[in-house]
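Okay, here's what each chain looks like letter by letter:
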Amino acid sequence: MFEPQTFLNYIGGEWKSASSNLVEASMNPANRHETVGYIQKSTLDDLEEAVGAAKEAKMGWRKLSGPARGEFLFKAANQVEQRLDEIVEMMTREMGKTLPEAKGETARGVAILRYYAGEGMRSIGNVIPSTDDAALMFTSRAPLGVVGVITPWNFPVAIPIWKMAPALIYGNTVVFKPAQETSVTAALIMECFHAAGLPAGVINMVTGDGGLIGQAMADHPDIQGITFTGSNAVGKRVGQSALARGAKYQLEMGGKNPVIVARDADLDLAVDATISGGLKSTGQKCTATSRVIVHSEIYEAFKMKLLEKVQNIRLGSGFEAATWMGPLASENQFRTVLSYITKGVEEGGTLLCGGGKGLGRDLEAGYFVEPTIFENISSSMTIAQEEIFGPVLALIKVDSLEEAIQIANDVKFGLSASIFTRDISTMLTFMQDIDAGMVRINAESAGVELQAPFGGVKQSSSGSREQGQAAIEFYTDIKTIFVKA
Ligand SMILES: NC(=O)C1=CN([C@@H]2O[C@H](COP(=O)(O)OP(=O)(O)OC[C@H]3O[C@@H](n4cnc5c(N)ncnc54)[C@H](OP(=O)(O)O)[C@@H]3O)[C@@H](O)[C@H]2O)C=CC1
Ligand SMILES: O=C(O)CCC(=O)C(=O)O
């Protein structure tokens, strides 16, 4: 029998109740009657204390050598690895993704921590020839100071880690506000950092309402950098608040990711990648496939293969081995996705499969939506333009590669895009003409590698890249140093 626990804020190396003395329940989206845990409903006083602790710790932390900071990240990685099963189960219980997906994500978190631990030993500058032959000119990197980390619920382990690990290795201290929906899982990650022995104040977590705590972080004069992943609307607000006070900001927001199935595509490969890219994690990835742009010559064949496989997808609790697709992560998300499906029908789309709530067995107790496929979708329709963040695919028929790319680019987002083709010139045209930060050929639109830059163009990102060595650009400032003896 699962017993929900209460989780505290982590401030200045200590576990603390919110000054409101209030907690919020975090619920299981596969069974809305089950409480996963209780998290603190923090106030601005709690945030103030966390920012104060991070500010006080920042000089000591930045003066540690890179390898010494790396040692702490190696220890944190070992802690997450030791508690992997517990974290995985909590993630499935709290967010709904299946156990294999939660396991993959948590293992990715361990790998990211180790990757950035190693970064502590790598170069942080270049020597640049000076015109003065008696001078030494070089660049070095300085941390920003205190970094605010605001994260969503869809990757409750990987996203916080891929923001906090580079922040820390490059010498920043951190104030972290996880999404309320997945704050229990976030608290387990904090316990791992605590057990790794990071000095007090170097990393802090304050849970609670994004409109209050997140907004106050974006506005806070003692937070020098703010990194955010989430919706477009909130991201823009966070960016504007940071810009208004001269702080650095990094935003990773939505996507409306296309897959193009060219006439020479390997259809089985394209079908599998469309399903995996569009429906894994119940479509709740910023890199998820949502528009499937198919050449008219192979449209019917592709559609039949896709429908056959999608109709066999089994919905259920992420804990059940037979489940392929779990619930949506919250009631909010459930309502949003159902309302987009209704809009798709109202605007003239044809439902090929799904379109409703998951029914039968125990599905009514959770936020289950059937895998849904539309056809007769034109680019101007709402479901072809807005991020749905659910298990909904829109099929769009085209007659040429040029038309496919034109439709693929006809959205405000530009995160990930993929094409299925065997033709090298089609690949080259796609690489050059597609508006996307992540360009994928014969591979699904979702899935990122931790050692490579990650981010989008247009309204998907604010420009800088996360992950890999690219992360140094956001988490540090360059110093150009000129020395003359
Ligand atoms: N990876 C991605 O690109 C993601 C995209 N989305 C998109 O956003 C939609 C809505 O999801 P939702 O969870 O509401 O996303 P939000 O953008 O609201 O939430 C993301 C994070 O920002 C916080 N937040 C909320 N308001 C503010 C604010 N004013 N200032 C600072 N931080 C704030 C949230 O806190 P709180 O805990 O209170 O929610 C959460 O931690 C989804 O349907 C999807 O389309 C969502 C998640 C991830
Ligand atoms: O595709 C992935 O693994 C990462 C997706 C992502 O960053 C997101 O959904 O926020």
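Everything quoted here is computed from the prediction, not taken from an experiment.

This brings us to the side chain of glutamate 105. Locating glutamate 105 in the fold gives a position in helix α4 (residues 99–119). What makes glutamate 105 buried here is its relative accessible area of 2%. Beyond its immediate stretch of four places on either side in the chain, glutamate 105 contacts Met91, Lys97, Asn154, Phe155, Pro156, Val157 and Ala158.

Here we come to unusual backbone geometry. Negative phi values dominate among residues other than glycine, just as trans dominates among peptide bonds. A positive phi angle, near 60 degrees, is found at asparagine 21, a position not held by glycine. With respect to the helices and strands, asparagine 21 occurs in the loop between β3 (14–16) and β4 (23–28). Even without glycine at this site, asparagine 376 takes up a positive phi of about 60 degrees. Examined against the element boundaries, asparagine 376 turns out to sit in the loop between β15 (372–375) and α12 (382–385).

A few words on the pairing of strand β13 (residues 289–295). Regular strands place their side chains on alternate faces of the sheet. For β13, a buried count of seven out of seven residues is recorded, marking the element as mostly surrounded by other parts of the structure. Bridge analysis of strand β12 (residues 257–261) against β13 gives five bridges, and the strand direction is parallel. Looking at β13, one finds that isoleucine 260 is bridged to isoleucine 293. Between the parallel elements β12 and β13, the chain passes through helix α9 (residues 267–279) in a crossover that is right-handed. Bridge analysis of β13 against strand β16 (residues 392–398) gives five bridges, and the strand direction is parallel. When the sheet's bridge partners are listed, isoleucine 293 is paired in β16 with isoleucine 396.

The subject of this paragraph is the site of ligand 1. If you check the shell around ligand 1, you find 26 residues, and the closest are Trp153, Gln180, Gly210, Ser231 and Glu387. Between ligand 1 and asparagine 154 there is a distance of 3.5 Å, counted from a nitrogen atom to a side-chain nitrogen or oxygen. Contact distances for ligand 1 include 3.4 Å between a nitrogen atom and a side-chain N or O atom of arginine 237. Protein contact buries 87% of the 870 Å² of open area that ligand 1 shows by itself. At the level of secondary structure, the elements contributing two or more residues to the shell around ligand 1 comprise α7 (210–219), β10 (225–229) and α8 (232–244). In terms of residues, the shell around ligand 1 owes the most to one element, α7, which gives four residues. Partitioning the shell around ligand 1 into residue classes produces 11 nonpolar, 11 polar and four charged.

Quick look at the side chain of asparagine 9 now. In this structure, asparagine 9 sits in strand β2 (residues 9–11). Here asparagine 9 falls in the buried class, since its relative accessible area comes to 0%. For asparagine 9, the side chain forms a polar contact with the main-chain nitrogen of threonine 207, separated by 2.9 Å. With residues near it in sequence (within four places) discarded, asparagine 9 still touches Glu14, Trp15, Lys16, Ala18, Gln40, Ser42, Asp46, Met205, Val206 and Thr207.

Neighbouring ligand 2 are Arg108, Asn154, Phe155, Ile159, Trp162, Lys285, Cys286, Thr287, Ala446, Gly447, Val448 and Phe454. Within the backbone of cysteine 286, one N or O atom sits 2.5 Å away from an oxygen atom of ligand 2. Between ligand 2 and threonine 287, the relevant distance is 2.6 Å, taken from an oxygen atom to a side-chain nitrogen or oxygen of the residue. The fraction of the free accessible surface of ligand 2 (290 Å²) that becomes covered by protein chains is 98%. Across the shell around ligand 2, the residue classes tally to seven nonpolar, three polar and two charged. Counting contributing residues, the shell around ligand 2 receives three or more from each of domain 1 (5–253 + 461–484) and domain 2 (257–449).

On the surface, a nonpolar cluster with roughly 340 Å² of combined accessible area is contributed by Ile424, Leu428, Met431 and Val439. At three residues, helix α14 (residues 424–433) tops the list of elements feeding residues into the nonpolar patch. You can see isoleucine 424 is positioned in helix α14. Accessibility expressed as a relative area gives 55% for isoleucine 424, which makes it exposed.

Looking now at the environment of aspartate 410. You can see aspartate 410 is positioned in the loop between α13 (401–408) and β17 (413–414). Given a relative accessible area of 34%, aspartate 410 falls into the partly exposed group. A sequence separation of 26 residues divides aspartate 410 from alanine 384, and the C-alpha atoms of the two residues are 9.3 Å apart. When near neighbours in sequence (up to four residues on either side) are disregarded, aspartate 410 contacts Ser379 and Gln385.

Following the UniProt record, one finds the feature "active site" (unreviewed entry) at Glu252. Residue position: glutamate 252 is located in strand β11 (residues 248–252). Here glutamate 252 is in contact with Phe228, Thr229, Gly230, Leu415, Phe454, Gly455, Gly456, Ser460, Ser461, Ser464 and Glu466, once residues within four sequence places are set aside.

An ideal rise of 1.5 Å per residue puts 16 Å on 12 residues; helix α3 (residues 84–95) measures up with 16 Å between its terminal C-alpha atoms. Counting buried residues in α3 gives nine out of 12 residues, a clear majority hidden from the surface. All buried positions along α3 are accounted for by Leu84, Ile87, Val88, Met90, Met91, Thr92, Arg93, Glu94 and Met95. Contacts from the buried residues of α3 go to β4, β5 (31–40), α2 (66–82), α4 and α6 (183–195). Residue glycine 96 follows α3 closely and has a positive phi angle near 105 degrees.

Here we take up the pairing of β11. Bridge count for β10 against β11 is five bridges, and the pairing is parallel. Counted as the bridge partner of threonine 229 is glutamate 252 from β11. Crossover handedness for the path β10 to α8 to β11: right-handed.

Here is what the cut-offs are and how they apply
- Residues numbered from 1 in each chain as written.
- Chains lettered and ligands numbered in written order.
- Predicted model: local features only at pLDDT ≥ 70, side-chain atom pairs only at ≥ 80, totals over all residues.
- Heavy atoms only, no water.
- Helix = DSSP H or I, 4+ residues; strand = E, 2+ residues; numbered from the N terminus.
- Buried < 20%, exposed > 50% of the residue type's maximum accessible area, 1.4 Å probe, protein only.
- Contact = heavy atoms within 4.5 Å.
- Pairing = 2+ DSSP bridges.
- Right-handed = clockwise from strand over helix to strand, strands pointing away.
- Near = heavy atom within 4 Å.
- Polar contact = N/O pair within 3.5 Å; in protein donor to acceptor, adjacent residues only side chain to side chain.
- Areas by Shrake-Rupley, 256 points an atom, 1.4 Å probe, with all protein chains shown as cover.
- Nonpolar A, V, L, I, M, F, W, Y, C, P; charged D, E, K, R; others polar.
- Domains from an automatic or database assignment.
- Patch = residues over 30% accessible without salt bridge, like charges linked within 9 Å, V, L, I, M, F, W, Y side chains within 5 Å.
- Salt bridge = Lys/Arg side-chain N within 4 Å of Asp/Glu carboxyl O.
- UniProt positions renumbered as here; feature names shortened; annotations may be inferred.
- Expected span 1.5 Å × (residues − 1).

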